[in-house]
Amino acid sequence: MAPSILFEPFAVKSKRAPNRLWAQSMEINSAGPGGGVSPRVIDRYAALARGGWGVVSVEAISVTPDSLARTRGLVINRENLDGFKRLVEASRAQGASLMIFQLSHAGRQAGAFSRRVKAWGADDGIPVLSTGDLRRIEDEFIESARLAFEAGADGVDIKACHGYLLGELLRPSNVRDDEYGGSPENRARLVTNVIAAISRELPALVTGSRISLYEGIRGGCGTAGADDVVEDLDDILALAGLIARAGASFINVSAGIPALTPHITRPVKADSFFQFYHYRYAKLVKRALPGCAVAGSAYSAGEERSLEWADENLRRGYADFAGFGRQTLADPMFPVKAQDGPGSIRRCTLCGGCSRLLKDQMEVRCSFYEKE
Ligand SMILES: Cc1cc2nc3c(=O)[nH]c(=O)nc-3n(C[C@H](O)[C@H](O)[C@H](O)COP(=O)(O)O)c2cc1C
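Caption draft 1: Representation of the packing of aromatic side chains in the model. The full count for this structure, using the stated rule, is 17 aromatic pairs. Consider the rings of tryptophan 53 and phenylalanine 334, whose centres lie 5.7 Å apart with planes at 20 degrees: the pair is stacked. On the criterion of sequence distance, the pair formed by tryptophan 53 in the loop between α1 (39-50) and β4 (55-62) and phenylalanine 334 in helix α12 (residues 334-340) is long-range, its members being 281 residues apart. For phenylalanine 334, a relative accessible area of 0% corresponds to the buried category.

Structural data, given as structure tokens:
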């Protein structure tokens, strides 16, 4: 590929990403017993580092053993810490990628095998978390960030997207009457408290958050109110501002809720125009928060033109990083090949095979290129 902004380094806080290609968090549902790091998990992240990604976001890692969306999801705690250290060491031995741990609480998206809980809402049998529960969860995120730091991670992504607990709290329809609901400050409180505490205590750790700009549900993120479904980004952009002011050095911009509006989160062939929505969402966040690093999403949907779109968007200043999800499964060596021999890239075909494996609680791989 001709010289491209994509292969220029970029500083996030005190850390330097060697290029602008961001391997997005992708759950591969392959943890060992108790949510520990298995050899397959280590291989996945070492391969991404070898592939030359500027940033590698390790998939959703649960901050408690009972908030899992996947039967074999990762859990961060002291018992599993050595495994996470090995993951970081194995990746560092292969390349210079910034290693970010995505810390998560699945909330309402937890599997039936785990503890499904919610932040608010009508009586549907799912328990609503109390103020005390949310304060405890806040502490669990902070403790998990300490463990991520001990494991050697460069940063943490406080997962507030895709309908997980912290994303559910951000919604205009979160009308809790305590400190975690109602006003924008209250809805963002869990995320901002966590980010502020980590920034104070662990200034060397890069801290940010992944949010869904528009979820496509009534009262969801990216709407104007609890009873509105039409896209209106003023509220979510204000929340992104609060998160940045709390100390976030990056915002990873996503959209949709995979369990409800999957075509928004990960555009498929027929709906691949949603990729342009993602580009716009990232652009609006970057415009609102010029001092914050912004990663855009859904670049796999660009297929053979993905690098072209990424280069153009970054040159125009619409984002600082181009985030790829499914493409990282199709070809972990994508960045190296993009520079040295794009013809040999195994392109994601948007077949949806990886998403089906995830939905069926199977080990996730690229089912197009990696036959069982
Ligand atoms: C199998 C699979 C697992 C995913 N796991 C995560 C995850 O752990 N955390 C997250 O924020 N997003 C997750 N996503 C969403 C991706 O990070 C990404 O946003 C989405 O695939 C769209 O980007 P793409 O078009 O480049 O694939 C996952 C998506 C898929 C298909």
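Caption draft 2: Region of the structure containing the site of the ligand. Around the ligand there are 24 residues in total, and Ser25, Gln102, Ser300, Gly325 and Arg326 lie nearest to it. Within the backbone of alanine 60, a nitrogen or oxygen atom sits 3.2 Å from an oxygen atom of the ligand. At 2.8 Å, a side-chain N or O of arginine 210 approaches an oxygen atom of the ligand. Protein coverage of the free-state accessible area of the ligand, which is 610 Å², stands at 98%. The cavity that encloses the ligand is the largest pocket. Elements represented by at least two residues in the shell around the ligand include exactly β4 and α13 (353-359). Counted by class, the shell around the ligand contains ten nonpolar, eight polar and six charged residues.

Conventions we followed
- Residues numbered from 1 in each chain as written.
- Predicted model: local features only at pLDDT ≥ 70, side-chain atom pairs only at ≥ 80, totals over all residues.
- Heavy atoms only, no water.
- Phe/Tyr/Trp six-rings, centres within 6.5 Å; stacked < 30°, edge-to-face > 60°.
- Helix = DSSP H or I, 4+ residues; strand = E, 2+ residues; numbered from the N terminus.
- Buried < 20%, exposed > 50% of the residue type's maximum accessible area, 1.4 Å probe, protein only.
- Near = heavy atom within 4 Å.
- Polar contact = N/O pair within 3.5 Å; in protein donor to acceptor, adjacent residues only side chain to side chain.
- Areas by Shrake-Rupley, 256 points an atom, 1.4 Å probe, with all protein chains shown as cover.
- 1 Å grid on protein atoms, 1.4 Å probe; cavity = no way out; pocket = protein on both sides within 12 Å on 5 of 7 lines; lining within 4 Å.
- Sits in = over half its atoms within 2 Å of the grid points.
- Nonpolar A, V, L, I, M, F, W, Y, C, P; charged D, E, K, R; others polar.

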